[in-house]
Structures are given as structure tokens and as C-alpha cells.
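Listed below are the residues making up each chain.
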Amino acid sequence: MTEPVGPMISFQNVTKEYDAQTALRDISFSVEKGEMVFLTGPSGSGKTTLMKLIYLAEWPDAGQVTIAGWNTSELRESSIPYVRRNIGIVFQDFRLLDNRTVFENIALALRIRGAGDREIKAKVYDALKTVNLRHKADSYPKKLSGGEQQRVVIARAMAAEPTVLLADEPTGNLDPETADGVIRTFREIHAKGTTIMIATHNRELYRNSGKKVLRLDSGMLAGEEVC
Amino acid sequence: MPLMYAFRLAMQSLRKDKWINILSMLTIFAGLFIISISFFVFYNIEAATRNLPEKFSMVVFLDNNLPQTRIDEIAGTLRSKHTVSSVKFISRNDAFRELKSTLRDSQYVLEGLEENPLPDSFEVRLRRDAVGSESVSRLADEARKMKGVTEVDYGEKFLSALHNIRTGVKIGGTILAIILCTGIIFVCYSTVKILFYRRNEEIETFKLLGATKGFIRAPFIIEGAAIGTAGGLTSLASVFLLYYFVFLKLTISVPLFKSVLFPAVWFLLLPVIGMFLGLFGAAVALGRLRY
């Protein structure tokens, strides 16, 4: 993917409907390269839908979504995987493969990109070190706690060194102490220049962070502020 | 590297879902085995009937006391036909001599014959590719119309039966092979489809992590090909075992079987045929992936 001209993520008057029910209405905002942004709002406000529009799991019914300069509605189907490879995703439901070890789960993101075994080993262990789970490399996801699984997902998302990192409720299942650790990890990743968007309804995560916060309410952008 | 990974995933899946894979492999084996046996029968019928036309000849009987010039004219006309490979004149005396020699042990049949009852004739041999019931019948009609020809004799019924057997076996074999191959493709299609649906969630994760369609499809295609190849190898082994342990033993007690041919080289293609059918079935099953 070429170096983006303009914002890394841009929404222009985006509307998304499911069976005539509006999930997002006329949303416009932009996220610059290297920026860390929080997306907040109550459950059902449209945070996950907005994330899905970014990682190309959904397409807008109206308006325009641009990722790294690419208008998602104009992308050829064959280009979608290559755009997705630039986006690391921390899924709300983890999406870990239970029949593969922690190492293999993280390695998958790199194998998909055609990385060699040596590179995979180095990057997976680096990512595991960042999330303090190097000792769990050979464990299976079901043997891990919720917090550990969350960190494995983060490691998988960051191992492939994406341009954009999306996290959907990354601390939803975690105790405050583990949640702090996860947020610290995101800050470290952000410090390396990665654009990050975190969807959360946990106010503590972004309070006094000095980062941009986009507030969604009933599918509409209710506010944009720096907290 | 992705290809190696696809192989690894395919092998893992073959082990993990071994029962469905074994069942599919056995079904493919059964189909290919039936095709092999049919081919074996067809091959031997074809081989047995292939050389018969060369031995086939038509006899053109002539008027008695026909002048030599007319005999030569008839011989020339027959030789000019593109279906004719050779024309041999058999004089009535030669024919009678041969009859006597044939009936050496039954001379009483000829007792009372005061003169040679046999006419002069031509023995007409046909080219192998021209021996079809229609072309022979046409040639016989043409010969009958020639002046000086009294009768034309050829094994019309035999030729027609031979032609029908060969055509019947050919058509029947082809239809059977098509039906069974379609069945094999369907088995591979169903197996891969089931495996694909079972791994649907995993495939969704693959897609979201940026996997291309080729990356997702490759393990399933390899799996389909592996199941097909395994079915082919099993049928190959079974055909050879059947031949060596059953058929060869039969030749000892039933001499007729000694002339039966075993087209071993053709049977070596079975794993390749199985692989291609498996590949095709898997490719159809995966269809068009959508993101």
C-alpha cells in the first residue's frame, strides 16, 4: 500500500443501515497518521459498526470511507486482503483459533503475509514479549484467562506491524489492573508511530489522556473532543 | 512458503477429519475400481475383436466358362476399390482340390460327384479400417452388379454382430465412466464443502487478517487432490492384487483366460485420474469466495 496522502482514516457523511435500521448516520471525522483516537459511546451506539467499516467487513450505504487514501467503496475485491494487511484488529470476541497454540495464532497473521519461518519466530516472540506472554507461546487459547487471551489478540494485531491498529472494547473483559497494562501496551505501540483507534465505553481509559475522543450516540457523532 | 503452510494445513485437516476423509476416499476407490474393471473388459473385447477383420474375406463367385479377359476385368475393378486390400483368383479346380483336402477324412461326402460342382471365384480381402458392415455390404452390392458375377458371400451377420458389440461396449463404457467420474467429483465436492462449512469461523478470521482467496482455498484444494489420489492409489493396488492373486490363478484352470491382456500401464494412471477428479470437485465446492 502506498504512503497515504491526507488522513489515515477519513469518514465523510457515512451512513450505514441494517434492515432499514440506521446503525450510523451521517458520520464525518478523520484520524491523522500516527494519531491515537478513542471511540466511545454506550452499547449499541455504533462503535463496532464503525470499526467494521474501517476493516472492510462492512461497506457504507452512503458517504465515503477512506483508509490510507483508498476509498473503500471503490476497492476491487482482490485488493481487499492487501488493504486489511495494513490494519491490525483487536476483535471484541478475540477470534482466536482454539486448535492452534498462542504462537501459531500470532504467526498466522505473518504467514498470511508470506513471511518466512525465521522472521515469524522473531516477530512472534517480540510481540509476546511486549504483552508479557512469552512463557505462554505453546499454550492453547482455552487454557488462558480472559486477560491473557486479550493480550494474545493484541500481540497478533501488532506482530505484523500494521499502519493502523483497531481495538474494539479491548478491556471489556479485564480487571482494572490488566486493563491498565493493555492500555500501556497500546501507548507503546503508538509511540512507534502506529495509528490507533480504540473503541470503548470505559471512560477511565481516555480520561486525561490528551487524546482525541469521538463520542457516538444512537449512530450519530455526538461530539469530538480532546480529553 | 504459503504453499508449504497450505500443505501443512491440508495434512492437519486430513488427520483431524479422518473419518469423513476415509469414507470419501473409499467411495472414490469404489468408483475408480468399477471404472478399471469395465476398462479391463473393454480393453480385452477390443483386443480380441481388433484382428478379426484382417481374417475376414469376401468370396465373389463367377460364371462358369467366363473368358479370361472378363475375369481380369472383374479382378481389376475389385482391386480399384479403396476398401479392398487384395484380390486372389481361385479357379474351380483349385477350389475342388482344397475341398477334397479339407474333407480328407470324410471322402464319402464327395462320392457320386461326377464333375466339379464348384465355380471359379475371387477371394477379396478388405483393409482393416474398411471392415464395417455398411462398407462391406456396399462392396458386395457393387460386385453383384458386375457382369459375370453370380453370387457374393460374406459374413454379414458376423460382421454386424461384431460391429454392434464393439460399439455397444464403447458407448456403455463411456457412459459408465462419465457417470462414475461425476459421482467421484460429487463426493469430493461434498467432502470439501462440509469441511469448508465446519471451518467457516476460522476462514472468516483468515479473511479479516488479510488472507487472499488463494491462501484460503489452497489447503482445501490440496485436501481434495489428496483424497482423490488416495482413492486412485487404493484402486490401483486393488486392480493389481485382483489380477495377480485371482486372475492369474484362474488362467491355470481356465485356459481361455490365458489370452486375456492386462493393460498395466493404463492402470498406473488411476492415481492421476483420482487426483484430477479430486482437484476439480474441490475447486467447484469452493466456488466464489466473497469478502
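Worth saying up front: this structure is predicted, and the values here are computed from it rather than measured.

Criteria and cut-off values
Residues numbered from 1 in each chain as written. Chains lettered and ligands numbered in written order. Predicted model: local features only at pLDDT ≥ 70, side-chain atom pairs only at ≥ 80, totals over all residues. Helix = DSSP H or I, 4+ residues; strand = E, 2+ residues; numbered from the N terminus. Rg over C-alpha atoms; globule rule 2.2 N^0.38 Å. Buried ≥ 20, exposed ≤ 12 C-beta atoms within 10 Å, placed from the backbone. Contact = placed C-beta atoms within 7 Å. Pairing = 2+ DSSP bridges. Nonpolar A, V, L, I, M, F, W, Y, C, P; charged D, E, K, R; others polar. Core = buried A, V, L, I, M, F, W, Y, C linked by C-beta atoms within 7 Å. Domains from an automatic or database assignment. Axes fitted to C-alpha atoms, helices over the stretch in contact; angles between N-to-C directions. Parallel < 35°, antiparallel > 145°, perpendicular 65-115°, else oblique. pLDDT = per-residue confidence, 0-100.

**Digging into the overall build of chain A**
Thought 1: Counting secondary structure elements, chain A contains six helices and ten strands.
Thought 2: Taken against the 2.2 N^0.38 rule, which gives 17 Å for 227 residues, the C-alpha radius of gyration of chain A at 17 Å falls within 12% of a compact globule.
Thought 3: The principal-axis extent of the C-alpha atoms belonging to chain A is close to 45 × 40 × 35 Å.
Thought 4: Put simply, chain A has 227 residues, and 46% of those count as buried.
Thought 5: Contacts in chain A between residues at least 24 apart in sequence constitute 68% of all its contacts with a sequence separation of at least 6.

**Quick look at the overall build of chain B**
Thought 1: In terms of regular secondary structure, chain B is built from eleven helices and four strands.
Thought 2: Relative to a compact globule of 291 residues, whose C-alpha radius of gyration would be 19 Å, chain B shows 31 Å and is clearly more extended.
Thought 3: Judged by the C-alpha coordinates and their principal axes, chain B covers about 100 × 45 × 30 Å.
Thought 4: Residues counted as buried form 28% of the 291 residues belonging to chain B.
Thought 5: Counting only contacts in chain B whose residues sit at least 6 apart along the sequence, the fraction spanning at least 24 positions is 88%.

**With respect to the pairing of strand S9 (residues 212-217) of chain A**
Look at any regular strand and the pattern is simple: side chains alternate between the two faces of the sheet.
Residues and elements named next belong to chain A.
Thought 1: As paired strands, strand S3 (residues 36-40) and S9 are joined by four bridges and run parallel to one another. Among the inter-strand pairings, Thr 40 is bridged to a residue of S9, identified as Arg 215.
Thought 2: As paired strands, S9 and strand S10 (residues 220-226) are joined by six bridges and run antiparallel to one another. Looking across to S10, one finds that Asp 217 is bridged to Met 220.
Thought 3: Linking S9 back to S10 in an antiparallel pair, the connection comprises two residues, with Ser 218 at a positive phi of about 50 degrees.

**Section: the environment of Thr 185 of chain A**
Residue and element names in this part refer to chain A.
Thought 1: Here Thr 185 lies in helix H6 (residues 176-191).
Thought 2: In the structure, Thr 185 is positioned 34 residues away from Arg 151 in sequence and 9.1 Å away in space, judged by C-alpha atoms.
Thought 3: Those residues in contact with Thr 185 that lie beyond four places of it in its chain are Thr 130, Val 131 and Ile 154.

**With respect to the interface of chain A and chain B**
Thought 1: Each side of the interface is counted separately: chain A has 18 residues, and chain B has 13 residues.
Thought 2: Mapped by element, the contributors of at least two residues to the side of chain A that touches chain B are helix H2 (80-84) and helix H3 (102-112) of chain A.
Thought 3: The leading source of residues in the side of chain A that touches chain B is H3 of chain A, at four residues.
Thought 4: Counted by class, the side of chain A that touches chain B contains ten nonpolar, two polar and six charged residues.

**Looking at the nonpolar core**
Nonpolar side chains in soluble globular proteins tend to be buried together.
Residue and element names in this part refer to chain A.
Thought 1: Leu 39, Ile 54, Ile 106, Ala 155, Ala 159, Leu 166 and Ile 198 are the most contacted members of the largest nonpolar core, which totals 75 residues.
Thought 2: In terms of residue count, the dominant contributor to this core is H3 (eight residues).
Thought 3: Excluding its chain neighbours within four sequence positions, the residues that come into contact with Ala 159 are Ile 106, Ala 109, Leu 110, Lys 123, Val 124 and Ala 127.

**Re unusual backbone geometry**
Residue and element names in this part refer to chain A.
Thought 1: Look at Asp 19: it is not a glycine, yet its phi comes out positive at around 45 degrees.
Thought 2: By secondary structure assignment, the location of Asp 19 is in the loop between strand S1 (9-18) and strand S2 (21-31).
Thought 3: Taking the number of C-beta atoms within 10 Å as the measure of exposure, Asp 19 has 4 and is therefore exposed.
Thought 4: Backbone geometry at Phe 94 places phi at a positive 70 degrees, although glycine is not the residue there.
Thought 5: With 18 C-beta atoms packed within 10 Å, Phe 94 lands in the partly exposed category.

**Some thoughts on the domain arrangement of chain B**
It is common to report an interface's size as the accessible area lost on association of the parts.
Thought 1: In terms of domain boundaries, chain B breaks down into domain 1 (2-51 + 162-286) and domain 2 (57-154).
Thought 2: Each of domain 1 of chain B and domain 2 of chain B has a C-alpha centre, and the two are 53 Å apart.

**Brief notes about the sheet that holds S2 of chain A**
All names here are of chain A.
Thought 1: Here we have four strands laid out as an open sheet, ordered S2-S1-S4-S5, and antiparallel in their pairing. Pairing within the sheet leaves two strands with one partner each, and these edge strands are S2 and strand S5 (70-71).
Thought 2: Strand direction decides the pairing type here: S1 and strand S4 (residues 62-67), joined by five bridges, are antiparallel. Directly across from Ile 9, in S4, lies its bridge partner Ile 67.

**Quick word on the sheet that holds strand S4 (residues 149-153) of chain B**
All names here are of chain B.
Thought 1: As summarised here, the arrangement of the four strands in space is S2-S3-S1-S4, forming an open sheet in which the pairing is antiparallel. Across the chains shown, the open sheet's two edge strands, defined by having one partner strand only, are strand S2 (84-90) and S4. Neighbour-to-neighbour, the strand axes of this sheet turn through a mean angle of 20 degrees, independent of strand direction.
Thought 2: Taken together, the six bridges between S2 and strand S3 (residues 121-126) define a ladder with antiparallel strand orientation. Looking at the pairing, Val 87 lines up with Val 124 of S3.
Thought 3: Across the sheet, helix H4 (residues 68-79) is in contact with strand S1 (57-62), S2, S3 and S4; its angle to S2 comes to roughly 160 degrees.

**A word on the packing of helix H5 (residues 146-159) of chain A against H6 of chain A**
All names here are of chain A.
Thought 1: Look at H5 against H6: their axes get within 10 Å of each other, and the N-to-C directions meet at 10 degrees. By the criterion of interaxial angle, the relationship of H5 to H6 is roughly parallel. Residue-level inspection shows Gly 147, Gln 150, Arg 151, Ile 154 and Met 158 of H5 in contact with H6, the latter providing Thr 178, Val 182, Thr 185 and Ile 189.
Thought 2: Tallied by class, the residues present in the contact of H5 with H6 amount to four nonpolar, four polar and one charged.

**Here we look at the confidence of the model for chain A**
Thought 1: Looking at chain A, pLDDT values average 89 and 98% of them are 70 or higher.
Thought 2: Across chain A, the element-wise mean pLDDT spans from 83 in H6 of chain A up to 95 in H3 of chain A.

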